[in-house]
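# A closer look at the structure
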Amino acid sequence: MSSKETVAQRLALFVCGMDYQRLPPDVIGRLKDLLLDQLGCQLIGSTVPWNQSVYQFVRENKQGGPATIVNHGDKVPVDDAALVNGTFGQGCELDDYYDQGGGHPGAATVPVAMALAEKKRVSGRNFLTAMAAGYEIGWRLGRGLLPEMMRRGYHAQGVVGVFIAAATAGKLLGLDPDKLTHALAIAGSHASGTMEYDQSGGEVKRMHNGIACAGGLRSAMTAEKGLTGPPTIFEGERGILKVFSGESRTGVITRAMGTDYAVLHASIKQFPVNASQHSPIELLDKLVKENRVKPEEVKKIDVGVNEGVILHSGSIYEPHEVIEAQFSLRFSLALRLLRGSNELKFYLDSNVWRDRAILAIGRKIELFADPTAVKERRFACRMKICLLSGKVVEGFLPSPKGNFSNSLSEQEITEKFLGNTSSVLPQEKLDRIVDKVGRVETEEDMSSFAALLSTQ
């Protein structure tokens, strides 16, 4: 391979060469788990109030097209379906995430692939392969951008998600390496989104993934029609790497392509909060149960996490809206200690936000940057619970349950899906979705999912 090939060209060649027959069985199995999980996220996301403004906008202005909006059943253009369903898919903080880098690949692949599957015939095998392609691009690019990008205040899903979507769409459209290179290059013009929402709130964060899905899909479709972009979109002096991180670390992006599969670096969430909060919640729960700690006995809780977590989830003490509750690590830990649960219903309840006991526990929590919580251990957590008696309880968790090496069981994944969706669709449809995903590689036409994902 020529050293003159740009990063985008190398990624495009790799994606174009991906084939279902060469995907290992564990990769295929994981893709199916992640597909079911993301469909559940879209269905529950279609019901929550903060996502309705995006749906209403499209409903009132964009009717008529081949693609279906999840749950509601409206038929709209493919990019508008990707906008709405992408917003639903990442709009509850329940969707998957990478163990390294940043972003939420399921939410940026599945809505795009489902929309395109209603425009052209897509088999289950090609669908899974396109998902795998999107996961690869996001994981690789994210590792080249973080943690510097986060320090600058950019939202990984807004920046990385559009490239995930473009790769997914480009693979399904059958773009050749030249056109897929341009699709990725065009996607660079859609990359954006800041994390100011985790400082002062604002539900616009819910839409970042929808914007990425629509932008990536448009990038691939316009490249198919002949639009071009800068092939040095990643490593160029004004390319994505330098603009968003200040550096041009390209080696990590193209390393071990075809041997280290990104889909095996995706984790499934247990709780409806930012990924950085999962280890602290899990570790607190473990320490409290093992040592029979009572809330009234707690004097202070010291929590050591990746430095980015402190800025991303450590600035909000008293939530005033749902997004603030979901991005407040203090609130989540206080919930766990006092309620023994982090169910979505608690994050939706404004009375819980104002609960004096929960707020009091939150003020007893001190966050500090753990220098060892970096790279493959960026979601590690070190915790010390100091009791009024003088007793100290300590523990360490290298990563939360949900990743490939410490996965949720098939039963747990199915239970999460059914728990998220039982109030959205009839049980008969839900059972059929679970069954179809379980044998999705045998599907000849993925558009058959549309009717199952809608109440219409």
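Higher on the page you've got the structure.
Conventions and cut-offs
Residues numbered from 1 in each chain as written. Predicted model: local features only at pLDDT ≥ 70, side-chain atom pairs only at ≥ 80, totals over all residues. Heavy atoms only, no water. Disulfide = S-S within 2.5 Å. Buried < 20%, exposed > 50% of the residue type's maximum accessible area, 1.4 Å probe, protein only. Helix = DSSP H or I, 4+ residues; strand = E, 2+ residues; numbered from the N terminus. Pairing = 2+ DSSP bridges. Expected span 1.5 Å × (residues − 1). Phe/Tyr/Trp six-rings, centres within 6.5 Å; stacked < 30°, edge-to-face > 60°. Polar contact = N/O pair within 3.5 Å; in protein donor to acceptor, adjacent residues only side chain to side chain. Core = buried A, V, L, I, M, F, W, Y, C linked by side-chain atoms within 4.5 Å. Salt bridge = Lys/Arg side-chain N within 4 Å of Asp/Glu carboxyl O.

Further remarks concern the state of the cysteines. Disulfides are covalent bonds that connect the sulfur atoms of two cysteines. A full pass over the atoms with the stated rule returns 0 disulfides. Left without a disulfide partner, Cys92 is nearest to the cysteine sulfur of Cys41, which lies 7.8 Å away.

With that settled, the discussion passes to the pairing of strand 5 (residues 298-305). With 6 of its 8 residues buried, strand 5 lies for the most part within the structure. Bridging between strand 5 and strand 7 (residues 381-387) involves 6 bridges; their strand directions are antiparallel. Residue pairing across strands places Ile301 opposite Ile385, the latter belonging to strand 7. Bridge count between strand 5 and strand 6 (residues 365-369): 5 bridges; the pairing is parallel.

Attention shifts here to helix 8 (residues 156-173). Helical geometry: 3.6 residues make up each α-helical turn, so side chains three or four residues apart lie on a common side. The end-to-end C-alpha separation of helix 8 is 25 Å, in line with the 26 Å expected for 18 residues at 1.5 Å each. For helix 8, the buried fraction is high: 18 of the 18 residues fall into the buried class. Downstream of helix 8 by one or two residues, Gly174 has phi in the positive range, about 70°.

Looking along the chain, the bond that leaves Leu146 and enters Pro147 is cis, with omega of 10°. Along the polypeptide, Pro147 turns up in the loop between helix 6 (124-145) and helix 7 (148-151). We note that Asn71 has phi near 75°; this positive angle belongs to a residue other than glycine. Inspection of the secondary structure puts Asn71 in the loop between strand 1 (67-68) and strand 2 (75-76).

Let us look at the packing of aromatic side chains. The tally for this structure, following the rule as stated, stands at 6 aromatic pairs. Ring centres of Tyr98 and Tyr135 lie 6.4 Å apart, and the angle between their planes is 85°; this geometry places the pair in the edge-to-face category. Note that Tyr98 is positioned in strand 3 (residues 97-98) and Tyr135 in helix 6, a separation of 37 residues in sequence. Each member of the pair, Tyr98 as well as Tyr135, carries the same accessibility label: buried. The interplanar angle of 75° and the centroid separation of 4.6 Å between the aromatic rings of Tyr154 and Phe244 together place this pair among those described as edge-to-face. Of this pair, Tyr154 sits in the loop between helix 7 and helix 8 while Phe244 is found in helix 12 (residues 240-245), placing the two residues 90 residues apart along the sequence. A residue is classified by how much of its surface remains accessible, and Phe244, at 7% relative accessible area, is buried.

Bringing the side chain of Asp80 into the picture now. Positionally, Asp80 belongs in helix 4 (residues 78-90). Classification of Asp80 by relative accessible area gives buried; the value is 3%. Within the local environment of Asp80, its side chain forms a polar contact with the side chain of Lys62, the two groups lying 3.3 Å apart.

What follows is about the nonpolar core. Ranked by internal contacts, the top residues of the largest apolar core, which has 110 residues, are Leu39, Leu145, Phe163, Phe234 and Ile433. Per-element tally for this core: the top contributor is helix 8, with 12 residues. Counting 42 residues, the second-largest nonpolar core is a separate cluster that includes Leu94, Val288, Ile301 and Tyr347.

The next subject is the pattern of salt bridges. If you walk through the whole model with that rule in mind, you get 28 salt bridges. A salt bridge links Lys32 to Glu441, with the shortest nitrogen-to-oxygen separation between them at 3.0 Å. Of the two residues, Lys32 is situated in helix 2 (residues 25-45) and Glu441 in the loop between helix 22 (427-438) and helix 23 (449-452); the sequence distance between them amounts to 409 residues. Its relative accessible area of 15% is what places Lys32 among the buried residues. Residue classification places Glu441 among the partly exposed positions, given a relative accessible area of 21%. For Asp285, the salt bridge goes to Arg336, with nearest N and O atoms at 3.3 Å. Of this pair, Asp285 sits in helix 14 (residues 278-291) while Arg336 sits in helix 17 (residues 329-339), and the two are 51 residues apart along the sequence. In this pair, the class of Asp285 matches that of Arg336, namely buried. In the salt-bridge network here, residues are joined through shared partners; they are Glu93, Glu203, Lys205, Arg206 and Lys269.

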